[in-house]
Amino acid sequence: MRSLRVVGLLLATMLPALGNDTSAVLTTGGLEFVTNADIVMASEELFISVDEIRVVYQFRNDGAKDQSVLVAFPMPDIVPLVYSPVAFPTGPDDNLFDFRTTLDGRPVDATLYEYVFAHGVDRTKLLRQLGLPLVPISEAASAASAALDEETRDKLLHYGLLTPDKYDVGQGMEMHYWPACTYKATYTWEALFPAGQTVEVIHTYTPSVGGTVGVSFLGEAYDDYDPAREYAERYCTDESFLSGVRKTLRDPNDPWSAPFTESWISYILTTGSNWAGNGIERFRLVIDKGDPNNLVSFCGEGVTKIGPTTFEMVKENFWPEQELNVLILNRMPDSQ
C-alpha cells in the first residue's frame with residue numbers, strides 16, 4: 001500500500017494493535033508466526049471505529065488434505081503514557097480487548113498469551129515471579145506499584161518497568177511510581193480447514209484508542225521532532241488537509257485552538273501475508289469517523305465516501321506492506 005492520503009476526504013466531510021489473522025506455532029520461546037502454503041485468505045472485510053473493530057474473513061483450503069491450524073491474532077501494544085490522555089480498552093484483565101471470535105458461526109474459546117517488555121527485553125517472567133499484574137494500565141497494577149518495597153521498586157526502576165512521578169496530592173510534593181512496561185497480547189485457537197472448502201472467521205473487539213485533547217500536528221518542530229512530518233508519514237495528512245484544519249483555528253496564532261480532539265487507531269495488517277499467495281484475494285476496508293462533523297485521514301488508495309460518516313477502500317489481490325493507522329479529529333460540541 002503506498003502512503004497516499006485519502007483524496008477528497010477534507011472536502012467531502014467539510015475534513016500508543018487491530019491485527020490480521022496469521023498461522024502460528026508454539027515453541028519453547030513462546031508464540032511465533034509462520035506461513036501456510038495451502039490456506040488462502042479469500043477475503044477480509046474490516047470495519048474500524050473508535051468503539052469497535054469487526055473483521056470478517058473467508059479462508060479457503062486449496063490443499064488436498066484437511067488441516068488443523070493454530071491461528072493467532074496479535075493485538076496492538078499497550079504502552080502506558082502517564083501524561084497523555086490515551087483511551088485504553090476497559091475489559092477485564094483476562095480479556096482486556098473484549099475479544100470475541102466465531103468459526104462458521106460457532107463461538108471459539110481463544111487462548112490469551114501475554115508478554116511484558118521494557119526497553120525491548122521480555123520481563124514477563126520477572127513480573128510473574130513477583131506476583132505483579134501484567135496489564136500496566138489496570139488499577140491493580142497501579143496499586144501494586146505504589147505498595148512495592150524499596151528493594152523491589154529500585155529493581156523495577158533499574159529495568160525500566162516503573163516511571164517515577166513527583167507531585168502534590170495534598171500533603172506536599174511526594175514521589176509516586178507508575179507501571180511503565182509495554183504489554184503485548186496475542187489470542188490463539190485451533191481451527192479446522194477442510195480440504196477444498198471455505199470457512200468464515202469473525203472477530204469483534206474494542207480497540208485501544210490513543211488521542212490528545214487538542215490538535216497536536218500544527219505546532220512547530222522542536223528538539224528534532226516535527227509533528228507535521230510524523231503525521232504525514234503515519235496518517236498521510238497532506239497540505240490540503242492541514243490547510244483545512246488551520247481554517248478552523250479560533251486563534252490563528254495558536255495551533256492548539258482548533259476545535260478538535262484527536263483519536264488514533266492502529267491495525268496490524270501485514271500478518272495477512274502469512275497465508276498462501278502472501279496476500280488477500282479481496283480486501284474491503286470501511287472506516288467510520290463517528291460523526292459527520294468529524295474529520296478523518298489515513299493512508300490508502302481508491303477510497304470513496306459511502307455514507308455520512310463512512311469511507312470504503314476495496315482491493316483485489318492485496319499485499320499488505322504496512323500497518324494501518326487512522327486519525328480521527330473529533331469536533332468539539334460547542335464548535336458545531
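Described below are features of the structure shown in this document. (Residues numbered from 1 in each chain as written. Predicted model: local features only at pLDDT ≥ 70, side-chain atom pairs only at ≥ 80, totals over all residues. Heavy atoms only, no water.)

**Focus: the overall build of the protein chain**
Now for step 1: The helix and strand inventory of the protein chain stands at 6 helices and 20 strands.
Now for step 2: Within the protein chain, the proportion of its 336 residues that are buried is 49%.
Now for step 3: Looking at the protein chain as shown, the accessible area adds up to about 16000 Å², and 50% of this sits on carbon and sulfur atoms. (Helix = DSSP H or I, 4+ residues; strand = E, 2+ residues; numbered from the N terminus. Buried < 20%, exposed > 50% of the residue type's maximum accessible area, 1.4 Å probe, protein only. Areas by Shrake-Rupley, 256 points an atom, 1.4 Å probe, with all protein chains shown as cover.)

**A short note on the packing of aromatic side chains**
Now for step 1: All told, the structure shown has 12 aromatic pairs when counted by the stated rule.
Now for step 2: Each ring, one from F217 and one from F241, has its centre 6.1 Å from the other, and the planes form 35 degrees; the classification is tilted. Remark: F241 occurs in helix α6 (residues 239-246) and F217 occurs in the loop between β14 (210-212) and α5 (227-235); sequence separation between them is 24 residues.
Now for step 3: Residue classification places F241 among the buried residues on the basis of a relative accessible area of 0%.
Now for step 4: Between Y222 and Y225 the ring centres are 5.6 Å apart and the planes differ by 75 degrees, which places this aromatic pair in the edge-to-face class.
Now for step 5: The exposure class of Y225 is partly exposed, given its relative accessible area of 31%.
Now for step 6: R123 extends its terminal NZ or CZ atom over the ring of Y159, reaching a point 3.9 Å from the ring centre.
Now for step 7: Positioned above the aromatic ring of F117 is the side chain of K184, whose terminal nitrogen or guanidinium carbon lies 5.5 Å from the ring centre. (Phe/Tyr/Trp six-rings, centres within 6.5 Å; stacked < 30°, edge-to-face > 60°. Lys NZ or Arg CZ within 6 Å of the ring centre and 35° of its normal.)

**Structural notes on the side chain of S138**
Now for step 1: Looking at the element boundaries, S138 is found in the loop between α2 (124-130) and α3 (139-146).
Now for step 2: A polar contact is formed between the side chain of S138 and the backbone nitrogen of A141, at a distance of 3.1 Å. (Polar contact = N/O pair within 3.5 Å; in protein donor to acceptor, adjacent residues only side chain to side chain.)

**A look at the nonpolar core**
Now for step 1: Ranked by size, the top nonpolar core spans 56 residues in total, and within it L46, I48, Y267, L285 and L324 carry the most contacts.
Now for step 2: A per-element tally of this core places strand β12 (residues 182-193) first, with 6 residues.
Now for step 3: In this view, L285 contacts L46, I48, F298, F311, E312, M313 and L324; residues no more than four positions away in its chain are not counted. (Core = buried A, V, L, I, M, F, W, Y, C linked by side-chain atoms within 4.5 Å. Contact = heavy atoms within 4.5 Å.)

**Topic: the environment of E281**
Now for step 1: Its location among the elements puts E281 in strand β16 (residues 276-288).
Now for step 2: In the structure, E281 is positioned 237 residues away from E44 in sequence and 8.3 Å away in space, judged by C-alpha atoms.
Now for step 3: Ignoring any residue separated from it by four or fewer positions in sequence, one finds E281 in contact with V40, M41, A42, R60, K315, E316 and N317.

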